[in-house]
Amino acid sequence: MTIFKFTEARIRDLSLGSGIHRDTDVKGLMCICHKTCKTFAVQSDVRREKRHVRTVRVKIGRADHIRLAEARNEARKLMATIQSGVDPTAGPEPTGITLEQALKEHLKERELSDATVRNYQYHMDNYLGRLRRRAVADITRQECRELMDQLTKRHGKTTGGSVMRTVRALVNTARRHDETIGANPVDALRVPATPKREVGELDMADFWSTTEAMSPLMRDMQRTFLLTGARRTSLLGVKCADFDAEAGVLTFTHMKTGGAWSFPTGRWLTETLKARMKEDEPLNSPWLWPSPRSATGHVAEPKRAGVPSPHALRHHARTMMIAAGVPYAEGALLLGQRLPGASGGYVHQTHLVEALRPHSQALEDLVLAKAGVA
């Protein structure tokens with residue numbers, strides 16, 4: 001680094017790649033000789049209350065584009081700004097609620113399942129790093145388009161659509177807390193819908209023979225998935241105390257819709273679950289599907305080769321209900337779903353266990369008949 005009085009001629013004679021040179025006439029003004037060009041810049045310390053905050057460098061322009069006199073005038077203005085305690089390189093101050101704060105508000109306002117909360121947090125931590133501390137009011141449509149394109153290229157349409165739906169939900173929450181936020185920028189995008197699962201036809205006799213070859217616990221679990229249509233986490237989280245063998249009622253407490261769900265078990269399933277608990281008594285486990293080697297104490301992964309996934313078995317259970325003549329509303333309640341419309345909020349499935357029993361029995365009878373079970 002050299003220090004001398006800048007002149008047009010001396011700046012012109014500086015060698016490319018020679019580094020930084022400082023002017024003696026204007027404090028902070030420098031000429032940086034890169035390998036391919038020369039640029040004027042200002043460097044100084046930002047101080048507030050006599051304390052050093054940071055050192056900043058601001059580019060003025062290329063030496064072959066602006067005259068030395070112009071560079072000196074601009075340098076004096078920038079030095080005055082910096083010495084007043086203002087950092088000219090800092091972006092605008094954030095306004096209002098940030099996307100990260102919107103997530104906290106969103107989770108406080110709603111009763112969401114643990115899986116949904118983990119999904120929101122995973123999106124924030126792994127895909128929304130650039131936006132998480134940005135004020136929602138400052139997020140633009142263009143930024144959302146660029147994020148969507150980037151996610152689609154790197155992770156596929158499904159992930160891209162899922163993350164953008166998270167952003168849309170958080171922005172809507174933020175709009176209720178910050179009146180400076182206008183329209184939701186995600187609304188300008190065509191966010192792809194989640195692709196529908198393709199579930200092939202189930203050969204009931206083959207399913208029954210395949211499960212027969214499994215361990216007794218896994219065999220009974222796979223068949224219970226089909227005969228109840230229960231969600232994966234709902235069935236895995238069942239404890240022995242949740243099954244009333246005398247009444248023939250299986251209660252699920254881990255529900256996507258919240259609350260509990262009481263399922264009236266058919267005659268065959270009731271006897272199967274009774275035998276299951278009797279066989280597992282020596283383990284002294286509170287879980288209906290115990291697994292001593294699992295960290296949770298119960299089976300954690302029910303998927304097995306040769307049989308559909310628990311979610312696919314839920315699809316098959318719904319299809320078999322229709323084939324067995326179960327009406328739409330009763331089938332939805334057996335699956336633990338909320339009925340649509342205003343009147344759906346007045347229907348409490350746990351009060352209708354015995355009214356639903358003939359329909360769960362119809363499902364069981366049809367499954368056993370197709371499986372060839374006497």
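How do you make sense of the pairing of strand β4 (residues 38-48) when you look at a structure like this?
Each regular strand displays side chains that alternate between the two surfaces of the sheet. Both strand β3 (residues 29-33) and β4 contribute to a ladder of five bridges, which runs antiparallel. Counterpart to I32 in the pairing with β4 is T39. Counting the residues in the hairpin turn of β3 and β4 gives four residues. In terms of strand pairing, β4 meets strand β5 (residues 51-62) through 10 bridges, oriented antiparallel. Along β5, the bridge assignment pairs V46 with R54. Hairpin geometry of β4 and β5 is characterised by an intervening segment of two residues between the two adjacent antiparallel strands and by a positive phi of about 55° at E49.

Whenever I open this one, the pairing of strand β8 (residues 261-264) confuses me. Can you help?
Every second residue of β8 is oriented toward a common face, with W261 and F263 on one face and S262 and P264 on the other, all of them buried. Alignment of strand β7 (residues 249-252) against β8, held across four bridges, turns out to be antiparallel. If you follow T251 over to β8, its bridge partner there is S262.

I would appreciate a short explanation of the sheet that holds strand β2 (residues 19-23) in the present structure.
Strand order across the open sheet formed by five strands is β1-β2-β3-β4-β5, with mixed pairing between neighbours. For this open sheet the edge positions go to β1 (2-4) and β5, each flanked by a neighbour on one side alone. Averaged over all adjacent pairs, the angle separating strand axes in this sheet is 30°, with direction ignored. Along the sheet face, helix α2 (residues 68-83) touches β2, β3, β4 and β5 and points at about 15° away from the line of β4.

Teacher, can you tell me more about unusual backbone geometry here?
Residues apart from glycine generally show negative phi values, whereas peptide bonds are mostly found in trans. Residue E49 is not a glycine yet carries a positive backbone phi of 55°. Assignment of secondary structure puts E49 in the loop between β4 and β5. At N284, a residue that is not glycine, the phi angle is positive and equals roughly 50°. With respect to the secondary-structure elements, N284 resides in the loop between α10 (267-279) and α11 (310-323).

Sorry, what's going on with the pattern of salt bridges here?
When their charged atoms lie close together, side chains carrying opposite charge are able to pair. Scanning the model with the defined rule gives 20 salt bridges in all. For D25, the salt bridge identified is with R72, shortest N-O distance 3.9 Å. Of this pair, D25 sits in the loop between β2 and β3 while R72 sits in helix α2; the two residues are 47 residues apart in sequence, bridging distant segments of the chain. A salt bridge links D220 to R276; the nearest nitrogen and oxygen atoms lie 2.6 Å apart. Taken as a pair, D220 in helix α8 (residues 216-228) and R276 in helix α10 lie far apart in primary sequence, 56 residues in all. For the pair D220 and R276, a shared accessibility class is recorded, and that class is buried. Where salt bridges share partners, they join E212, R219, D220, R223, R276, E279 and D280 into one cluster.

So what exactly am I meant to see when it comes to helix α4 (residues 114-126) here?
Side chains of residues three or four places apart in an α-helix project in the same direction, reflecting 3.6 residues per turn. Look at α4: 18 Å from first C-alpha to last across 13 residues, which is about the 18 Å you get at 1.5 Å a residue. For α4, the complete set of buried residues consists of Y120, H123 and M124. Taken around the axis of α4, the buried residues stretch over an arc of 100°, which confines them to a single face. The exposed residues of α4 that point more than 90 degrees off its buried face are D114 and R118. Looking at the buried residues of α4, the elements they touch are α3 (99-109) and α6 (157-175).

What should I look at first to understand the side chain of T211 in this one?
By the secondary structure assignment, T211 is in helix α7 (residues 204-212). Among the residues examined, T211 registers a relative accessible area of 0% and is labelled buried. Within the structure, T211 has its side chain in polar contact with the backbone oxygen of W208 (distance 2.9 Å). Ignoring anything within four residues of it in the chain, the contact list for T211 reads R219, Q222, R223 and V307.

Explanation requested: the sheet that holds β7 in the structure shown.
Backbone hydrogen bonds are what pair the strands of a sheet, in a parallel or an antiparallel way. With antiparallel pairing, the three strands of this open sheet are ordered in space as β6-β7-β8. Only two strands of the sheet have a single neighbouring strand rather than two, namely β6 (243-244) and β8. In this structure, β6 lies alongside β7, joined through two bridges in antiparallel fashion. Paired with D244 across the strands is V249, a residue of β7.

In this structure, what is going on with the nonpolar core? I would like to understand it.
Where a protein is soluble and globular, its nonpolar side chains tend to be buried together. With 42 residues, the main nonpolar core has M221 and L235 as its most contacted residues. For this core, the element with the highest residue contribution is α8, accounting for six residues. Excluding its chain neighbours within four sequence positions, the residues that come into contact with M221 are L235, L236, W289, V299 and P302. Residues L170, V171, L189 and V191 belong to the second largest nonpolar core, which totals 26 residues.

Mind showing me how you'd approach the state of the cysteines here?
The term disulfide refers to a covalent linkage connecting the sulfur atoms of a pair of cysteines. Overall, the coordinates contain zero disulfides when judged by the stated rule. For the unlinked cysteine C37, the closest cysteine sulfur is that of C33, found at 9.2 Å. For C37, a relative accessible area of 16% corresponds to the buried category.

Parameters and conventions
Residues numbered from 1 in each chain as written. Predicted model: local features only at pLDDT ≥ 70, side-chain atom pairs only at ≥ 80, totals over all residues. Heavy atoms only, no water. Pairing = 2+ DSSP bridges. Helix = DSSP H or I, 4+ residues; strand = E, 2+ residues; numbered from the N terminus. Buried < 20%, exposed > 50% of the residue type's maximum accessible area, 1.4 Å probe, protein only. Axes fitted to C-alpha atoms, helices over the stretch in contact; angles between N-to-C directions. Contact = heavy atoms within 4.5 Å. Salt bridge = Lys/Arg side-chain N within 4 Å of Asp/Glu carboxyl O. Expected span 1.5 Å × (residues − 1). Arc of directions from axis to C-beta. Polar contact = N/O pair within 3.5 Å; in protein donor to acceptor, adjacent residues only side chain to side chain. Core = buried A, V, L, I, M, F, W, Y, C linked by side-chain atoms within 4.5 Å. Disulfide = S-S within 2.5 Å.

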